[in-house]
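Observations on chain architecture
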Amino acid sequence: MLVLGIESSCDETALALVDDGGVRAAVISSQADIHALFGGVVPELASREHARLIGPLLDSLFRQADLGPAPWKSIDRIAVTRGPGLMGSLLVGVAFAKSLSMAHDIPLIGIDHLQGHLLAAELEHDILWPALGVLISGGHTHLYRMEGPVDMTVLGKTIDDAAGEACDKFAKAAGLPYPGGALLDALGKRGHADPHLFPRPYTHNDNLDFSFSGLKTAGALWLSQHADAHFPPGDTPARERLDSASQTLCDAAASYLLAVAETLTIKAERAMALFHPESIVVAGGVAANSVVRQEFANLAERHGIPLIIPRLSLCGDNAVMIAKAGWHMAMAGRVHDLSLSAIPRGQTIPQDWKTL
Ligand code: KG4
Ligand code: ZN
């Protein structure tokens, strides 16, 4: 079973081929540098860039995969991210996938981007079922009960900002460019965390939802009171002059990331008490964070179960995870038809597949 995966939900345009043995080929182009000029993703620019890049990226994917003179003959399914994401960006990928499906008579499968993230780690590690899924990205923070690769239920989610957004906003308020999460991580590694500096928001309740807006406000307030903690202005890219950050900012970054990570593990541990998972899967861009990785490693160790996290290059958006999710959908006999709709952020992904 060879599956072509297509991802265009935000600011990465990506294509991948996954078969029974794993990844056959993968290409990706990030627009982060373009959006950094504006301090965040500009939806109109993102969709235009996807439309410009997706065709040439398919050509380079096929060159990498070397599928022979009739590449389409060997592809069994086309899996595409249908949501959640930016509507204009999703529509580029979905329209592209539909035209390929129609032109080459290959069944189409629509993928929930968040479930794709959770399956990325499965390319390298076996997930023990049932698993607790922790999806932490720039736009989403969801806890899942994962019964299997195509059977996941949302247990809780953020009611306002996502974990990644909370990191990006603190970084931005400190003077770092978008997306600041990884830069904050780099600063935090040089700092000492004060566990009392920032709150663990929305944890004094008995639900499994998150709210990071209070932490974001606490971070912004703290920064407004500490002028010495701001990243110094300069013309050279921030990545090249991280060394110039003050120790005060490094300490605050470490404290802030600890607040984010502990907020996540407090709710994750509460979810574990509900169904005693055999493993914990942590995925999405924020799964690349070193403090988050460490806190979840501690949680898994305390419960004596494995922690499954994708390698860093598969934490962020990519098409390998979409192709892998498509592979599982194909194995379960599920397909969509050309009426497949794109679903924007905030709406539920319908379970509208057909079974072969
Ligand atoms: O999953 P992803 O690539 O895209 C979305 O679907 O949102 O996640 C992007 C998010 C951004 O907020 C980015 O700042 C954050 O992941 N991120 C990090 C790190 N690397 C990426 N946040 C904290 N620490 C990191 N090392
Ligand atoms: Zn994502």
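Our focus in this paragraph is the pattern of salt bridges. Considering all chains together, one arrives at 12 salt bridges under this definition. Where E44 meets R48, a salt bridge forms, and the shortest distance between an N and an O atom there is 3.6 Å. Remark: R48 and E44 occur in helix α2 (residues 43–65); sequence separation between them is 4 residues, near one turn of the helix. The exposure class of E44 is partly exposed, given its relative accessible area of 49%. Looking at R48, the relative accessible area reads 53%, which means it is exposed. Note that K216 and D161 form a salt bridge whose closest N and O atoms lie 2.7 Å from each other.

Turning our attention to the site of ligand 1. Surveying the vicinity of ligand 1 reveals 18 residues, the closest of which are G138, D168, D185, G285 and N289. G181 is positioned with one of its backbone polar atoms (N or O) 3.2 Å from an oxygen atom of ligand 1. At 3.0 Å from an oxygen atom of ligand 1 is found a main-chain nitrogen or oxygen belonging to G285. For ligand 1, the protein covers 85% of the area, taking 550 Å² as the surface of the free molecule. Looking at the shell around ligand 1, its residues break down into 4 nonpolar, 11 polar and 3 charged.

On to the pairing of strand β5 (residues 108–112). Taking burial as the measure, the 5 residues of β5 include 5 buried ones, the bulk of the element. On β5, burial covers both faces: L108, G110 and D112 on one face and I109 and I111 on the other are all buried. Crossover connection from strand β4 (residues 77–83) via helix α3 (residues 87–104) to parallel β5: handedness right-handed.

Read across the open sheet, the 5 strands follow the order β8-β7-β6-β9-β10; overall the sheet is mixed. Of all strands in the sheet, those bounded by a partner on one side alone are β8 (151–157) and β10 (307–308). Examined bridge by bridge, strand β7 (residues 141–148) and β8 share 6 bridges and lie antiparallel to one another. Across the sheet, the residue bridging to M146 is M152, located in β8. In this fold helix α8 (residues 247–275) packs onto β6 (131–136), β7, β8 and β9 (279–283), with an angle of close to 155° to the strand it touches most, β6.

What follows concerns the coordination of the zinc ion (ligand 2). Bound to the zinc ion (ligand 2) on the protein side are H113 (NE2), H117 (NE2) and D317 (OD), at distances that span 2.0 to 2.1 Å. Here the zinc ion (ligand 2) is ringed by 4 donor atoms whose angles at the metal span 92 to 147°, and the overall shape comes out irregular. Spacing between the donor residues of the zinc ion (ligand 2) along the chain follows H-x3-H-x199-D. In this pair, H113 and H117 both sit in helix α4 (residues 113–119), 4 residues apart, roughly one turn of the helix. For H113, a relative accessible area of 5% puts it in the buried group.

The next point concerns α3. Counted at 1.5 Å a residue, the expected span for α3 with its 18 residues is 26 Å, and the 26 Å between its end C-alpha atoms agrees. When we look at burial in α3, the residues that qualify are S89, L90, V92, G93, V94, F96, A97, L100 and S101. Close packing links the buried residues of α3 with β1 (3–7), α2, β4 and β5. Among the residues trailing α3, D105 stands out with phi positive, at a value near 55°.

Cut-off values and rules
Within any chain, residue numbers begin from 1 and follow the written order of that chain's sequence. All chains are assigned letters beginning at A, and all ligands numbers beginning at 1, according to the order in which they are written. For a predicted model such as this one, the threshold for reporting local features is a pLDDT of at least 70, and the threshold for listing and counting side-chain atom pairs is 80 or more; totals across whole chains, interfaces and linings nevertheless cover every residue. For the side-chain quantities, the full set of heavy atoms in the structure was used; hydrogens and water were omitted. The salt bridge criterion pairs a side-chain nitrogen of Lys or Arg with a carboxyl oxygen of Asp or Glu, the two atoms within 4 Å. What counts as a helix is a DSSP run of H or I of at least four residues, what counts as a strand is a run of E of at least two, and both are numbered from the N terminus. The cut-offs for exposure are 20% and 50% of the maximum accessible area for each residue type, with area from a 1.4 Å probe on protein chains only; residues under the lower value are buried, those over the upper are exposed, and the others partly exposed. Throughout, the term near means that a residue has one or more heavy atoms lying within 4 Å of the molecule or strand in question. Whenever a nitrogen or oxygen atom comes within 3.5 Å of another N or O atom, the pair is scored as a polar contact, on the condition that within protein one atom can donate a hydrogen and the other can accept it, and that pairs from neighbouring residues in sequence are kept only if both atoms are in side chains. A 1.4 Å probe and the Shrake-Rupley method give the accessible areas. Residues count as covered only by the protein chains that appear here. Ten residue types, Ala, Val, Leu, Ile, Met, Phe, Trp, Tyr, Cys and Pro, are classed as nonpolar, four, Asp, Glu, Lys and Arg, as charged, and the remainder, Gly among them, as polar. By convention, a crossover is right-handed whenever its connection, traced from the first strand over the helix to the second and viewed with the strands pointing away, goes clockwise. The rule for pairing is simple: two strands pair if DSSP sees at least two bridges between them. In what follows, a contact means two residues having at least one pair of non-hydrogen atoms within 4.5 Å. For every element, the axis is a line fit to its C-alpha atoms; helices are fit only across the contacting stretch, and the angle between N-to-C directions ranges from 0 to 180 degrees. Each metal site lists N, O and S donors within 2.8 Å (3.2 Å for Na, K and Ca). With water left out of the atoms, a site can look as if it is missing ligands. Angle rules define the geometry names used: all angles between 85 and 135 degrees makes four donors tetrahedral, while opposite donors over 155 degrees apart and all other angles between 65 and 115 make four donors square planar and six octahedral, leaving every other case irregular. Helix span is expected to be 1.5 Å times the residue number reduced by one.

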